[in-house]
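For reference, the chains in residue letters:
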Amino acid sequence: MSTLRTITNFKSRLAGGGARPNLFEVSIPAFPEAVRRSSPGNPWRTGPKGQATNFNFLCKSAALPASNIAPIDVPFRGRILKVAGDRTFDTWTVTVINDEDFQLRTAFEYWMNAISKLDNNTGATNPASYMTNAVVHQLGRGADRKAESVRNSDIPGGTGIRALRIYTFYDNFPTNISQIDLSYDSSDTIEEFTVEFQVQYWVAGTAQRAGGGRDQTGAVIR
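Figured I'd write up the structure that's included with this text. Bear in mind the structure is a predicted one, so any value in this text is a computation, not a measurement.

### Details of the pattern of salt bridges
And then number 1: A full pass over the atoms with the stated rule returns four salt bridges.
And then number 2: In this structure, K60 engages E192 in a salt bridge whose closest nitrogen and oxygen atoms are separated by 3.1 Å. Here K60 is found in strand β2 (residues 59–61), whereas its partner E192 is found in strand β8 (residues 192–198), with 132 residues between them in sequence.
And then number 3: Using a relative accessible area of 40% as the deciding quantity, one classes K60 as partly exposed.

Rendered as structure tokens:
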């Protein structure tokens, strides 16, 4: 006999109000060595006015990754046995708001140019020199999942926000920067573009405070 579920029962199961897709932050802490060596100046500076910090704000959309394991079909006397095959990792795409200085678009263009130059077919050959990591923080609405209000002192910096989940994408590099359409017909809009990354693998973890935690391999995410 089934139990009658009520809206009150449902409310008790939704502590925290549910994860929100518009509460997130994406960061690329550092650019690869090949990009820094081949660019005029550092195209990905840290600090309050650097590109790395601007990216935290201007990356307007991203995605938490899918988890894929392909099946292998093994025929047996007219039937098919399915066994686990190899794991695959999808491309990862971010959407970036374009600032008037073109800081971020220029930085990603330098990155791709370090991999394969525009005017010839030369570029970095050591994969470690053009790959780097990226981090996505899925943020909560407050410092405590069951809090009745946000206490700014709960998180260093006074944000009052904690990371519900942290995804670290390892050894990424861009393979596509989208075009930006220009038109006299466009009004009341800001330019944006997408960057598509190839991902070697990702690891998920949790943290009580944004910026720290342990991933599934036991390594500390910083």
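Once you've had a look at it, read on.
### What to know about the packing of helix α3 (residues 51–58) against helix α4 (residues 103–115)
If you want to describe how two helices pack, look at the angle between their axes and the distance between the axes.
And then number 1: Two elements in contact, α3 and α4, have axes whose closest approach is 10 Å; the angle formed by their N-to-C orientations is 115 degrees. By the angle between their directions, the pair α3 and α4 is classed as roughly perpendicular. Our pair here, α3 against α4, has a crossing hand that is left-handed. Counted together, Q51, N54, F55 and L58 of α3 and Q103, L104 and F108 of α4 form the full contact between these two elements.
And then number 2: Class assignment for the residues of the contact of α3 with α4 results in four nonpolar, three polar and no charged.

### Brief notes about the packing of aromatic side chains
And then number 1: Overall, the coordinates contain 14 aromatic pairs when judged by the stated rule.
And then number 2: Each ring, one from F31 and one from F108, has its centre 6.0 Å from the other, and the planes form 45 degrees; the classification is tilted. Placement of the pair is F31 in the loop between β1 (24–27) and α2 (33–38) and F108 in helix α4, with a sequence separation of 77 residues.
And then number 3: Using a relative accessible area of 3% as the deciding quantity, one classes F31 as buried.
And then number 4: Three or more aromatic residues joined by ring pairs make a cluster, and in this case those are F31, W44, F55, W92, F108, W111, F169 and F197.

### Here we look at a nonpolar patch on the surface
And then number 1: A grouping of I72, V74, L81 and V83 is seen on the molecular surface, where their side chains present a nonpolar patch of about 300 Å² in accessible area.
And then number 2: Contributing elements (two or more residues each) for the nonpolar patch: β3 (68–76) and β4 (79–88).
And then number 3: Here I72 lies in strand β3.
And then number 4: According to the relative accessible area criterion, I72 is partly exposed, its value standing at 42%.

### Side note on the environment of I177
And then number 1: By secondary structure assignment, the location of I177 is in strand β7 (residues 163–177).
And then number 2: Linking I177 and T93, residues 84 residues apart in sequence, is a C-alpha distance of 9.7 Å.
And then number 3: If sequence neighbours within four positions are ignored, I177 has contacts with R105, F108, E109, M112, F193 and T194.

About the criteria used
Position labels on residues start from 1 in each chain and follow its written sequence. Reporting of local features is limited, given that this is a predicted model, to residues whose pLDDT is at least 70; pairs of side-chain atoms are given and counted only at 80 or more, and all residues count toward the totals for whole chains, interfaces and linings. Note: side-chain values were computed over all heavy atoms of the structure, leaving out hydrogens and water. Counted as salt bridges are all cases of a side-chain nitrogen of Lys or Arg within 4 Å of a carboxyl oxygen of Asp or Glu. Secondary structure elements follow DSSP: runs of H or I no shorter than four residues count as helices, runs of E no shorter than two count as strands, and numbering proceeds from the N terminus. Three labels apply to residues, based on accessible area from a 1.4 Å probe with only protein chains included: buried if under 20% of the type maximum, exposed if over 50%, partly exposed otherwise in between. Axes here mean lines fitted to C-alpha atoms, for a helix over just the part in contact, with angles spanning 0 to 180 degrees between N-to-C directions. Angles below 35 degrees are treated as roughly parallel, those above 145 as roughly antiparallel, those between 65 and 115 as roughly perpendicular, and all remaining angles as oblique. Here a crossing is called left-handed whenever its near helix is offset anticlockwise from the far helix by less than a right angle, and right-handed whenever the offset is clockwise. Throughout, a residue-residue contact means that at least one pair of heavy atoms, one from each residue, lies within 4.5 Å. Polar here means any residue outside two lists: the nonpolar Ala, Val, Leu, Ile, Met, Phe, Trp, Tyr, Cys and Pro, and the charged Asp, Glu, Lys and Arg; Gly therefore counts as polar. The rule is short: rings of Phe, Tyr and Trp, with Trp giving its six-membered ring, pair when the centres are within 6.5 Å, and they are stacked under 30 degrees, edge-to-face over 60, tilted in between. To count toward a patch, a residue needs a relative accessible area over 30% and no salt bridge; like charges are then connected within 9 Å, while nonpolar side chains (Val, Leu, Ile, Met, Phe, Trp, Tyr) are connected within 5 Å. Only the protein chains shown count as cover for residues, with accessible areas throughout obtained via the Shrake-Rupley method and a probe of 1.4 Å.

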